[in-house]
Amino acid sequence: MASVTGAEKIPFRRSIQLKFALTYIIIIAAVLILLNTYPVLVSQDLVFRSKTSLLQSQASVIADTIARTESLTSEAVRDYVEPLGYTGQFRVLVTDEFGLILYDSDELRFTEGRYAMLSEVVTALKGYDVATCSYQDGAFHSRAAVPVIYRDMTIGCVYLYERDADQGGLLTDIQNNLRSISLVICVVVLIMSVVFSKALTRRIGDLLRAIRIVREGEYSHRVSIRGSDELSQLAGEFNQLTDRLQTTEEVRRRFVSDASHELKTPLASIRLLTDSILQTDGMDLDTVKDFVSDIGEEAERLTRISEKLLTLTRMDSAVPMERLPVDVAAVVEKVEHMLLPLAQERDITVEADLQSGCVVKATEDDLYQIAFNLMENAVKYNVNGGRVMVGLRSMGDLVLLTVEDTGVGIPDEDLPKIFDRFYRVDKARSRAAGGTGLGLSIVRDTARQHGGAVTVRRREEGGTCFQVAFPRWDEEGGDLL
Ligand code: ADP
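What counts as what
Residues numbered from 1 in each chain as written. Predicted model: local features only at pLDDT ≥ 70, side-chain atom pairs only at ≥ 80, totals over all residues. Heavy atoms only, no water. Helix = DSSP H or I, 4+ residues; strand = E, 2+ residues; numbered from the N terminus. Rg over C-alpha atoms; globule rule 2.2 N^0.38 Å. Buried < 20%, exposed > 50% of the residue type's maximum accessible area, 1.4 Å probe, protein only. Lys, Arg positive; Asp, Glu negative; His and termini not counted. Charge placed at Lys NZ, Arg CZ, Asp CG, Glu CD. Phe/Tyr/Trp six-rings, centres within 6.5 Å; stacked < 30°, edge-to-face > 60°. Lys NZ or Arg CZ within 6 Å of the ring centre and 35° of its normal. Pairing = 2+ DSSP bridges. Axes fitted to C-alpha atoms, helices over the stretch in contact; angles between N-to-C directions. Contact = heavy atoms within 4.5 Å. Near = heavy atom within 4 Å. Polar contact = N/O pair within 3.5 Å; in protein donor to acceptor, adjacent residues only side chain to side chain. Areas by Shrake-Rupley, 256 points an atom, 1.4 Å probe, with all protein chains shown as cover. Disulfide = S-S within 2.5 Å. Core = buried A, V, L, I, M, F, W, Y, C linked by side-chain atoms within 4.5 Å. Domains from an automatic or database assignment. Patch = residues over 30% accessible without salt bridge, like charges linked within 9 Å, V, L, I, M, F, W, Y side chains within 5 Å. Salt bridge = Lys/Arg side-chain N within 4 Å of Asp/Glu carboxyl O. Left-handed = near helix turned anticlockwise from the far one by under 90°. Nonpolar A, V, L, I, M, F, W, Y, C, P; charged D, E, K, R; others polar.

S.K.: Please explain the overall build of the protein chain as it appears in this structure.
M.R.: Of regular secondary structure, the protein chain possesses 10 helices and 14 strands. Compactness check: the protein chain gives a C-alpha radius of gyration of 52 Å against a globular reference of 23 Å for 481 residues, more than 25% above the reference. Here the C-alpha coordinates of the protein chain stretch approximately 160 × 60 × 35 Å along the principal axes. Looking at the 481 residues of the protein chain, the share that counts as buried comes to 38%. When the 54 basic and 70 acidic side-chain charges of the protein chain are each reduced to a single mean position, those positions are 5 Å apart.

If you want it as structure tokens, here you go:
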């Protein structure tokens, strides 16, 4: 396991775990507060309404009955009220117009002869009906007072009071049950929030650790993927990214080691040749000239390798060049002209069948690189007296550049690898021909940069056929692909 540096531990108060748990708790607290208040308030309100209207109507019945008596006396009121049968349900008080209690249904009757100092009574004596209800100590307390009116004059008031502990008990039970349910929900939610937030943060932590390990350079590290949620997707994407990073890193390492190896070989030759000249006393002039010319060749080889490496590096840095419509036939003709001396040296004929109007959007230099590398290879790896056939034609939306030769050919097993940097089928032959093993990778990368693709196949008749397909540029429509 790689050691991970720079892994700052996030304090709990800033952790996603706390945020997650807090969100859960706040939501559930709001829900529970609502659950514990709303139903209770609604049922209270319903009871209040029914109680006040019932009590008020009963008080009115009593007041209407009393109003028939000519003079309000304690006896007369009792005679009227008691037969109505309300006294068992409510406490009934009847006062005269000054609030003096004439009748009290309470068995002790200790209020009779006193003044009723109740706000409801005062309001009723002013001529208004009044009814109130409240919930206290587990019981509903309802009060109603109505004036007793005789010939449009208030001659007294009827006051009813009821204490209902049964319905109050029901409401208390509902409240208690809701409280117990809330407590259970609270505990369950708390446990769930802790479990979920821990699981979530553990998975995020795994991912974070993996990122840090990869950052430290251990590209082979992967995160294990569990489930199929967004975090699993993230882990999958991370693994794919790391795959690419690993591949890129391997390619880079191989390239650097190949490049230094390629540069070391000519340098070692130069060193050897100079040592020989310096250490051999009295070396004759012809041998010295031979050695110096060999040194020159190796230096040329170094120049070629570094030029090609520079081209590849420029392409890797991908600074986009301005692409213009280029006539491919004109570029191929230039290359043909350039290679003619090399071909003639070995009696190789170059045949070109170029269709006019094959225009692609690229840079002339890049097209030159592609055509030159392919055609130079066709000459380099040809037999003496062989042929090179270059074809250019447009087909549908494509421009096809074909370079065929009658040369040594490439074995089937090497075909997939020849575009790799520094890959050479026959090292000695490539070396002898001044090859660097970089030409075809330059061709492939350059073609790709302009939306093209290179393919290679063995010719039935012997030799090799390379084909580059580019998107055709059209004067009216621009790029056709
Ligand atoms: P080099 O500089 O060695 O020519 P390239 O990248 O251009 O490098 O080619 C890679 C290898 O592919 C060559 O070394 C050679 O072995 C093989 N090759 C390329 N083109 C041809 C061809 N037309 N015929 C035979 N072999 C070829």
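S.K.: Could you clarify how one ought to interpret the packing of aromatic side chains in this entry?
M.R.: Pairs of aromatic rings are described using the distance from one ring centre to the other and the angle between the two planes. One pass over the structure, following the stated rule, counts six aromatic pairs. Here Tyr135 and Phe140 contribute two aromatic rings whose centre-to-centre distance is 5.1 Å and whose plane-to-plane angle is 50°, an arrangement assigned as tilted. Judged by its relative accessible area of 0%, Phe140 is buried. With centroids separated by 5.8 Å and ring planes inclined at 15°, the aromatic side chains of Tyr368 and Phe372 adopt a geometry described as stacked. With Tyr368 and Phe372 both in helix α8 (residues 364–380) and four residues apart, this pair spans about one turn of that helix. Taken together, the ring pairs in this structure connect Phe48, Tyr135 and Phe140 into an aromatic cluster. In this arrangement the basic side chain of Arg421 is found over the ring face of Phe255, its NZ or CZ atom lying 4.9 Å from the centre.

S.K.: What am I meant to see in the sheet that holds strand β4 (residues 139–150) here?
M.R.: Hydrogen bonds between backbone groups are what pair the strands of a sheet, and the pairing can be parallel or antiparallel. Pairing in this open sheet of five strands is antiparallel, and the strands run β2-β1-β5-β4-β3 from one edge to the other. Either end of the sheet is taken by a strand with one partner, and the two such strands are β2 (101–104) and β3 (130–136). When the angles between neighbouring strand axes are averaged without regard to direction, this sheet yields 15°. Sitting on the sheet, helix α1 (residues 16–66) is in contact with β1 (91–96), β3, β4 and β5 (153–164), with an inclination near 30° to β4.

S.K.: Before we go on, may I ask you to explain the site of the ligand in this structure?
M.R.: Taken together, 22 residues lie around the ligand, and Asn377, Tyr381, Ser430, Thr436 and Leu440 are the ones closest in. In the environment of the ligand, an oxygen atom lies 2.7 Å from a nitrogen or oxygen atom belonging to the side chain of Tyr381. Contacts to the ligand include Asp405, whose side-chain N or O atom sits 2.9 Å from a nitrogen atom. Starting from 530 Å² of accessible surface for the ligand in isolation, the protein chains cover 98%.

S.K.: Looking at this structure, I do not really get the state of the cysteines. What am I missing?
M.R.: Covalent bonding between the sulfur atoms of two cysteines is what defines a disulfide. Per the counting criterion, the structure on display carries zero disulfides. Cysteine Cys133 is unpaired, with the sulfur of Cys157 as its nearest cysteine sulfur at 18 Å. Taking the relative accessible area as the measure of exposure, Cys133 reaches 16% and is therefore buried.

S.K.: How do you make sense of the nonpolar core when you look at a structure like this?
M.R.: Here is a general trend for soluble globular proteins: nonpolar side chains tend to be buried in one another's company. Leu367, Leu374, Met375, Phe466 and Val468 are the most contacted members of the largest nonpolar core, which has 36 residues in total. Listing elements by their share of this core, those giving two or more residues are α7 (328–345), β8 (359–362), α8, β9 (387–395), β10 (398–405), α10 (439–449) and β12 (464–471). Aside from chain neighbours lying at most four places away, what touches Leu374 is Val403, Leu440, Val443, Phe466 and Val468.

S.K.: Can you walk me through the sheet that holds β12 in this structure?
M.R.: As summarised here, the arrangement of the five strands in space is β7-β9-β10-β12-β11, forming an open sheet in which the pairing is mixed. The open sheet is flanked by β7 (349–354) and β11 (453–458), the only strands paired with a single partner. Going across the sheet, the axis of each strand differs from the next one's by a mean of 15°, ignoring polarity. As judged from the six bridges shared by β7 and β9, these two strands associate in the parallel manner. Residue pairing across strands places Val350 opposite Val388, the latter belonging to β9.

S.K.: Explanation requested: the domain arrangement of the protein chain in the structure shown.
M.R.: Interfaces are often sized by the accessible area lost when the parts come together. One can read the domain layout of the protein chain as domain 1 (10–216), domain 2 (230–314) and domain 3 (323–479). Using only C-alpha atoms to locate each centre, domain 1 and domain 3 end up separated by 96 Å.

S.K.: I tried to follow unusual backbone geometry on my own but got confused; where do I start?
M.R.: Trans peptide bonds make up the majority, and among non-glycine residues the majority have a negative phi. The phi angle at Asp137 is positive, at roughly 50°, despite the residue not being glycine. Mapping Asp137 onto the fold places it in the loop between β3 and β4. The phi torsion at Asp152 lies on the positive side, around 60°, for a residue other than glycine. Assignment of secondary structure puts Asp152 in the loop between β4 and β5.

S.K.: Which parts of the structure should I look at to understand a nonpolar patch on the surface?
M.R.: A contiguous nonpolar patch, built from Leu183, Val184, Val187, Val188, Ile191, Met192, Val195 and Phe196 and spanning about 730 Å² of accessible area, is present on the exposed surface. As for its placement among the helices and strands, Val195 is situated in helix α4 (residues 165–215).

S.K.: Just checking my understanding: could you explain the packing of α8 against α10 for this structure?
M.R.: When two helices pack together, their arrangement is given by the angle between the helix axes and by the axis-to-axis distance. Between α8 and α10, the shortest axis-to-axis distance is 9 Å and the interhelical angle comes to 145°. Along this stretch, α8 crosses α10, giving a crossing that reads as left-handed. Across the interface between the two elements, Asp366, Gln369, Ile370, Asn373, Leu374 and Asn377 from α8 touch Gly439, Leu440, Ile442, Val443, Thr446, Ala447 and Gln449 from α10. Residues of the contact of α8 with α10, tallied by class, amount to six nonpolar, six polar and one charged.

S.K.: Whenever I open this one, the side chain of Gln58 confuses me. Can you help?
M.R.: Positionally, Gln58 belongs in helix α1. Overall, Gln58 belongs to the buried group, its relative accessible area being 12%. The contact partners of Gln58, leaving out residues within four places of it in the chain, are Tyr86, Phe90 and Leu160.

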